[in-house]
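Listed below are the residues making up each chain.
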Amino acid sequence: MITLAGVGKTYRLGETDFAALMDIDLLINRNEYVALTGASGSGKSTMMNVLGCLDTPTVGHYTLDGEAVAGLDEDALAGVRNRKIGFVFQNFYLRARASALDNVAQPLIYRGISPAQRHARAREALTRVGLEHRLMHKPNELSGGQRQRVAIARALVGRPELLLADEPTGNLDSKTAVEIMELFSELHRDGLTLVVVTHEPDVAAYCHRVVRLHDGRIAEDRTQIPVKHVSAAA
Amino acid sequence: MTTNTINNVDMGANRVQSSFYAVQECLRSALASIRAHGLRSFLTMLGIIIGVASVICVIALVQGLSQSISQQFQGLGSNTLTLRADTPLEDALRGKRNRLKVSDLDQLKFRIEGIRNVTPVVFASGRGGADVRNGSNIAAGQMFGTTESYQEVQQTFPKYGRFLTDSDDVTRRRVVVIGEQMRRDLKLPENPVGRFIQIGSEWFKVVGSMEPRGEMFGLSQDNYLLMPYQTALAVTGVIIQPDLWVIFSVADLNAMENIKDRVTSLIRQLHQIKPGQPDDFKIEASDTLAKSFKEISTTITLVVAGIVGISLLVGGVGIMNIMLVSVTERTREIGIAKALGAPRQFILMQFLIEAMVLAVIGGLIGIALGYALGFGIAKMIPNFPDPAVPWWAVVGACTFSGLIGIIFGILPASKAANLAPIDALRYE
Ligand SMILES: Nc1ncnc2c1ncn2[C@@H]1O[C@H](COP(=O)(O)OP(=O)(O)OP(=O)(O)O)[C@@H](O)[C@H]1O
Ligand SMILES: [Mg+2]
């Protein structure tokens, strides 16, 4: 699914270069559930952006779902993001003036899908995250947890291969965080590949594999039996 | 490659359809964003509104004026042509004078289809001119000799009495019909039929007075006198080669140019003018005056349109300014759109359409306002004709505002489209 080989990312800060990522070799298989952890400033978000084709690595090779992504131009990358990747951000990043339904339908606009079909699929995705009764609500009429669910529905609506979440529970209380993580576990069970950036051990505990970054390098990469998991009955 | 795969992967929407949905979405979001900042959008449009309103106002007034003038001219027969002899300057200096022949008239009548009425006209004032007198009252108007069909050609008819007849002409009767102004100058009664007036030393009986035609550019159109054609020749003593001209009306206005060409070749043939030699005559439309007014009004319109066009550019800069602000404000939103897979051209189109919609709405408001303004002004001036907004002004104003929107939208839109997704997303 994901192959990173010798990936590095350096930022130019005036005269000096700052390496946010260095010598990253990483292989993530389909339907893995990976936690990306590390101290603040260790490069987690940078890694996420590279994985999500939002940013291009300075060096190295990145193959996503069999496609060499590193050499693609901006519009091609936009296409990859649209088709293969779903994003969930810490700050939700919803459009304030649009309803939940319109927010969720947005990625489908760029596929040239008719408004009726967009809305049908958005409704489906919102139902999937349990918000079928909040379709017309604006983000500011929703709770934090509901907003994050809308964002997750938006990430799912395009039926991506990969879901990337950067601190998805960072702005939520612990109870809501548990709900979100359980939703992620369900999605994982349904076959999705997930990479979740977090510095909370409670969140990482849901994952099957933990990759820890330290100063832009992979310091640890271990698999684990998820401490908490969705019961088969859920 | 990307857009293609996107379309094919998902539901097989075809290219035209998906472009349509994209434009639809851009329009929707443009309207939403304009509505979201109602006051600001209105203020942004103000430059365009004022510019378009002033163009439309001026055009409406000038067009209204020129329409009412053309209507006045219609009575003068805008479907008439005048054929007169023309002497090139060189020949004129040598003392030569070209003349139309009396036979030209008959040829015109019988050989050209589509001519409705033909009448010859000559000056009846003779050399040195002659006064028209009624006792001690003297009038100085134009005197013409013509025939019965003059009234049909010129669409001017007697108010009292009768017009000149063919029998008047054949017998060279000493009769005249007079225009309203001439009647007044001669202090003749309202109905002057049966009165006698003196032209030079000869006495004429007034058999009719014509319907008044009113004033044009402050000149009376009714200060004239008509007598039979043959009478005029006899009175002026130029019987052999009179300096006549021919006025004729065409049945179908659209055939005007065609008939003009046919008359030209006929007269050239009759006058035995060899190819390459210049015409010894010319054909004029009798609505030259109306035309020259139209030209003046067109010039005014164009000049005003030009000046206001410049003010519209200022309006465009206003739009550009606000769009740039808007792009900055919506950097995060643009970042989200890009993260979700919006290609550059979509963002570009979104902002271009927004600028265009902004400008076109301003243009539409401006058209309405300009028309209302023109109407108000026209109503305030007594006797001023109603304003008229021609369709080309409306279409032009819309197109021009739209164009302004697009041109001044390009910079902000490309600024938005060129934002790097990650920077836009991180923008605080
Ligand atoms: N645009 C940039 N320009 C320069 N340096 C940057 C830029 N973005 C990130 N960095 C630097 O790269 C390093 C890694 O940043 P990153 O955002 O990936 O950290 P993080 O692990 O996500 O931290 P946190 O847990 O606080 O979110 C930091 O030291 C940061 O200062
Ligand atoms: Mg981070």
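Residues numbered from 1 in each chain as written. Chains lettered and ligands numbered in written order. Predicted model: local features only at pLDDT ≥ 70, side-chain atom pairs only at ≥ 80, totals over all residues. Heavy atoms only, no water.

## Let's talk about the overall build of chain B
In plain terms, the rule: Where helices and strands are cited, they refer to DSSP runs of H or I of at least four residues and of E of at least two residues respectively, numbered from the N terminus. Working definition: with a 1.4 Å probe on protein chains only, accessible area under 20% of the residue-type maximum means buried, over 50% means exposed, and in between means partly exposed. Pairs of residues are marked as contacts when any of their non-hydrogen atoms sit within 4.5 Å. In short, Shrake-Rupley with a 1.4 Å probe defines the accessible areas, and a residue's cover is counted only from the protein chains shown.
Each helix and strand counted, chain B has 15 helices and 14 strands in total. Across the 428 residues in chain B, those meeting the buried criterion constitute 46%. The long-range share in chain B, meaning contacts at least 24 apart out of those at least 6 apart in sequence, stands at 77%. For chain B, the exposed surface amounts to about 20,900 Å²; the carbon and sulfur share of it is 59%.

## A word on the site of ligand 1
The cut-off we apply is this: Proximity is defined per residue: if any heavy atom of the residue lies within 4 Å of a molecule or strand, that residue is considered near it. Two N or O atoms count as a polar contact when they lie within 3.5 Å, although within protein this holds only if one can serve as hydrogen donor and the other as acceptor, and sequence-adjacent residues are included solely when both atoms are side-chain atoms. Classification convention: Asp, Glu, Lys, Arg as charged; Ala, Val, Leu, Ile, Met, Phe, Trp, Tyr, Cys, Pro as nonpolar; all other residues, Gly among them, as polar.
In the vicinity of ligand 1, 14 residues are found, and the nearest of them are Ser40, Gly41, Lys44, Ser45 and Thr46 of chain A. Nearby residues around ligand 1 are contributed by chains A and B. Measuring from an oxygen atom of ligand 1, one finds a backbone N or O atom of Ser42 of chain A at 3.3 Å. Between an oxygen atom of ligand 1 and a main-chain N or O atom of Gly43 of chain A, the distance comes to 3.0 Å. For ligand 1, whose unbound accessible area comes to 630 Å², protein coverage reaches 67%. It is helix 1 (residues 44-51) of chain A that contributes the most residues to the shell around ligand 1, three residues altogether. Looking at the shell around ligand 1 residue by residue, the classes come out as five nonpolar, six polar and three charged.

## Structural notes on unusual backbone geometry
Although it is not a glycine, Asp215 of chain A sits at a positive phi angle of roughly 50°. Residue Asp215 of chain A is classed as exposed on the basis of its relative accessible area, which comes to 51%. One non-glycine residue with positive phi stands out, namely Gln155 of chain B, at about 50°. With respect to the helices and strands, Gln155 of chain B occurs in the loop between helix 6 (150-154) and strand 6 (158-161).

## Considering helix 5 (residues 102-111) of chain B
All names here are of chain B. Just so we agree on the cut-off: What the arc describes is the spread of directions from the helix axis to the C-beta atoms.
All of the buried residues along helix 5 are Asp104, Leu105 and Leu108. When helix 5 is viewed along its axis, its buried side chains cluster within an angular range of 105° and face the same direction. Buried residues in helix 5 make contact with strand 1 (80-85), strand 2 (115-123), strand 13 (245-250) and helix 10 (256-270).

## Quick word on the packing of aromatic side chains
Selection criterion: In summary, the pairing rule links any two rings of Phe, Tyr or Trp, Trp by its six-membered ring, whose centres are within 6.5 Å, and it sorts them by plane angle into stacked for under 30 degrees, edge-to-face for over 60 and tilted for everything else. Think of it as a cone above the ring: NZ of Lys or CZ of Arg counts as a charge over the ring if it is within 6 Å of the ring centre and within 35 degrees of the ring normal.
Under the defined criterion, the tally for this structure stands at nine aromatic pairs over all chains. Aromatic pair Phe144 of chain B and Trp245 of chain B: ring centres 5.9 Å apart, planes at 90°, arrangement edge-to-face. Remark: Trp245 of chain B occurs in strand 13 and Phe144 of chain B occurs in strand 5 (residues 142-146); sequence separation between them is 101 residues. The pair formed by Phe144 of chain B and Trp245 of chain B is uniform in burial state, with each residue classed as buried. By way of ring pairs, the aromatic residues Phe87, Phe89 and Tyr93 of chain A are connected into one cluster. One cation-aromatic arrangement involves Arg84 of chain B over Trp245 of chain B; the distance from NZ or CZ to the ring centre is 5.3 Å.

Structural measurements only, silent on function.
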